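So the chains spell out like this:
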Amino acid sequence: MITVNLILTIIGLMFVLTALVALYVWSHKKTVAAAPVKVETFESLGAIIKNPLSSAAELHHAVEVILRDFSAITSSNVGTYIYLLETLCVHPHTDSKLILRFEKSLRQINPKYAHEIEQALGAGLAARG
């Protein structure tokens with residue numbers, strides 16, 4: 001009688017152990033590998049603005065990151081910023097609030113280039129017409 005109880009207990013414990021191992025393996029198969037971190041450069045953000053197929057959300061994100069991380073204009077890259085502003089003005093998925101926020105922030109951060117920025121806004125809005 002004791003031998004039978006001992007054998008049944010061992011068999012029961014083996015089933016429980018097997019179930020726990022199966023549950024552990026199954027739960028780890030569901031974990032998704034972390035997505036690689038996407039490094040956003042000024043060039044990649046500019047490409048979003050230049051792409052006419054970019055969505056409004058992508059444009060907002062690109063402008064936000066440019067203003068946060070790449071807002072300082074130098075004499076060597078002022079033309080790039082002017083081109084981006086003009087391109088943003090004629091983009092099919094942009095809105096006036098985004099254009100004005102980009103222009104105003106660039107002007108406030110870079111008062112030395114305020115005249116060039118205002119001219120680019122005027123040219124971009126004229127081309128939008």
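Residues numbered from 1 in each chain as written. Predicted model: local features only at pLDDT ≥ 70, side-chain atom pairs only at ≥ 80, totals over all residues. Heavy atoms only, no water.

S.K.: Just to check I follow, could you spell out helix H5 (residues 96–109) for this structure?
M.R.: Since one α-helical turn is 3.6 residues long, residues separated by three or four positions face the same way. Given a rise of 1.5 Å per residue, 14 residues ought to cover 20 Å, and the 20 Å separating the end C-alpha atoms of H5 matches this to within 8%. Within the sequence span of H5, burial applies to Leu98, Ile99, Phe102, Glu103, Ser105 and Leu106. The arc that holds every buried residue of H5, seen down its axis, measures 165°, which confines them to one face. Relative to its buried face, H5 has exposed residues pointing more than 90 degrees away, namely Lys97 and Gln108. If you follow the buried residues of H5, they end up packed against helix H3 (56–69), helix H4 (78–90) and helix H6 (114–128). (Helix = DSSP H or I, 4+ residues; strand = E, 2+ residues; numbered from the N terminus. Expected span 1.5 Å × (residues − 1). Buried < 20%, exposed > 50% of the residue type's maximum accessible area, 1.4 Å probe, protein only. Arc of directions from axis to C-beta. Contact = heavy atoms within 4.5 Å.)

S.K.: Quick question: what am I supposed to make of the packing of H3 against H5 here?
M.R.: Geometry of a packed helix pair, given as the angle between the helix axes and the separation of the axes. In contact at an axis separation of 11 Å, H3 and H5 are set at 5° when each is read in the N-to-C sense. Between H3 and H5, the angle falls in the class roughly parallel. Facing H3, whose interface residues are Leu59, His60, Val63, Glu64, Ile66 and Leu67, H5 presents Leu98, Arg101, Phe102, Ser105, Leu106 and Ile109. Residue composition of the contact of H3 with H5, grouped by class: eight nonpolar, two polar and two charged. (Axes fitted to C-alpha atoms, helices over the stretch in contact; angles between N-to-C directions. Parallel < 35°, antiparallel > 145°, perpendicular 65-115°, else oblique. Nonpolar A, V, L, I, M, F, W, Y, C, P; charged D, E, K, R; others polar.)

S.K.: Explanation requested: a nonpolar patch on the surface in the structure shown.
M.R.: Nonpolar side chains collect at one region of the surface, where Leu6, Ile10, Met14, Leu17, Val21, Tyr24 and Val25 lie side by side and expose about 700 Å² of accessible area between them. Structurally, Met14 can be placed in helix H1 (residues 2–29). (Patch = residues over 30% accessible without salt bridge, like charges linked within 9 Å, V, L, I, M, F, W, Y side chains within 5 Å. Areas by Shrake-Rupley, 256 points an atom, 1.4 Å probe, with all protein chains shown as cover. Salt bridge = Lys/Arg side-chain N within 4 Å of Asp/Glu carboxyl O.)

S.K.: Whenever I open this one, the environment of Glu103 confuses me. Can you help?
M.R.: Turning to its location among the elements, Glu103 is positioned in helix H5. For Glu103, a relative accessible area of 5% puts it in the buried group. In sequence terms Glu103 and Ala120 are 17 residues apart; their C-alpha atoms lie 9.0 Å from each other. A distance of 2.4 Å separates polar atoms of two side chains, one belonging to Glu103 and the other to Arg107. (Polar contact = N/O pair within 3.5 Å; in protein donor to acceptor, adjacent residues only side chain to side chain.)

S.K.: Whenever I open this one, H6 confuses me. Can you help?
M.R.: An ideal rise of 1.5 Å per residue puts 21 Å on 15 residues; H6 measures up with 21 Å between its terminal C-alpha atoms. Buried within H6 we find Ala114, Ile117, Ala120, Leu121 and Gly124. Projected onto a plane normal to the axis of H6, the buried residues spread over an arc of 125° and lie on a single side. Along H6, the residues that are exposed and aim more than 90 degrees away from the buried face are His115, Ala126 and Ala127. Elements in contact with the buried residues of H6: H4 and H5.

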